[in-house]
Structures are given as structure tokens and as C-alpha cells.
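Survey of secondary and tertiary structure
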Amino acid sequence: MYDAEFSAEETGESDVLGESVELPLSIGDEGPFVREIQQDLIRAGFSLPRYGADGTFGEETEGAVMQFQRAHGLTVDGLVGPITLEKLNEVLDEGQTTENFSLPSGILRQGDEGEAVKQLQRALKQVNFDPQGIDGIYGPNTEDAVRRFQSMHRDLENDGIYGPETRRFLRMELDDLA
């Protein structure tokens, strides 16, 4: 995690680790600060599966930044400016980082209830498909979150039903976060 002075709103610069960094960061930027942001995005649960924390701000990093911004109610522009940096620090300070999630087996669909549904809801929230609550009830919001997740994977049927194939893809996503 970095400690930046955020007079950047006015100046467009931030002093990070003794270096002056021009904000916002965007595609094409490189260096140790970009690598640190990438590492923090990964710790916060936003994976960079192709290139990881390589110190180069490319399309994959921009996508992770946009997912982070969307998940935290920020302006989704893919740029790392002072507000995004502050929120990333806040998320990491609060310990909202990746965990090891167990996934239920079997088939779950609207109307199901219980601990297995809670496990699914927690996992969906972790991969940024928030079911709008962890209540153990597979209702319309959970079905919608499953459908949104399925729509991101061409090989999955977009039916809103959690089964073995959806479980397999959800496990891959969670493993990418670890």
C-alpha cells in the first residue's frame, strides 16, 4: 500500500515513496508505482490474470481499475487519480481483501435457502457480482447476480441457475484473486 499526499486534485502530482508521480495514471504508464497499484488491486480482489503486477498500465489494468471503480461507486473512467487511490487505500485498510471461499456443490436456483446460498452469495460478491445481500435466500437479486456472472463467460448458459459449470467458472475467478 502506498502513502500519497493528495494535493493532486489541484496539482496533478502526488509524492509517492519519495518520487513525484503525475496523476492520473492511465494506459501506457509504467514503473514501480504502477506495479504497487496492480498489487493492491489484486489484494483488493480485482484480478490481473494475464500479466499480473508487471509495472505496465495496459488494458488489463485499466479493466481492473474500472471494475474497482464500479464496485465502489466511483466514476468509472479507468484512470487512477487521487479519488481512486484514496478508495483503494481505504479498502485495503479495512481489510476488504480476498479470502478463501468454499463453494457449494449441487444445483441452486430461485426459491432455495440456507448456508449453501450464503456461500454462493459471498463468492458472487467477492468477484464483483453483488447479489445485494448475504441473506441465504436465492431470490431475484441472487438469480440476477448469477445471470450477470454467467453472461461474462461464453461457455456458460445464462439461465440464473447455479450448477456444476457455473461453480467451475466461479472457482476459477476466485482462484485468480488469491
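Remember, it's a predicted structure, so these values are computed and weren't measured experimentally. (Residues numbered from 1 in each chain as written. Predicted model: local features only at pLDDT ≥ 70, side-chain atom pairs only at ≥ 80, totals over all residues. Heavy atoms only, no water.)

A few points about the overall build of the protein
In terms of helices and strands, the protein carries 7 helices and 2 strands. Overall, the protein shows an N-to-C arrangement of helices and strands of α-β-β-α-α-α-α-α-α. Considering the protein as a whole, with its 178 residues, one finds that 42% of them fall into the buried category. Here the analysis covers contacts within the protein between residues at least 6 apart in sequence; of these, 44% occur between residues at least 24 apart. (Helix = DSSP H or I, 4+ residues; strand = E, 2+ residues; numbered from the N terminus. Buried < 20%, exposed > 50% of the residue type's maximum accessible area, 1.4 Å probe, protein only. Contact = heavy atoms within 4.5 Å.)

A word on the side chain of Gln150
One can find Gln150 in helix H6 (residues 140–151). The exposure class assigned to Gln150 is buried, which follows from its relative accessible area of 1%.

Looking at the environment of Asp155
Checked against the element boundaries, Asp155 lands in the loop between H6 and helix H7 (164–177). Classification of Asp155 as exposed rests on a relative accessible area of 59%. With 11 residues separating them along the chain, Asp155 and Thr166 place their C-alpha atoms 9.4 Å apart.

Some details on the confidence of the model for the protein
Averaged over every residue, the pLDDT of the protein is 84; residues scoring 70 or more account for 84%. Per-element confidence in the protein ranges from a low mean pLDDT of 36 for helix H1 (residues 8–11) to a high of 96 for H6. Low pLDDT, under 50, characterises residues 1–12; the stretch is placed with 36 contacts to residues that sit more than four places away or in other chains. (pLDDT = per-residue confidence, 0-100.)

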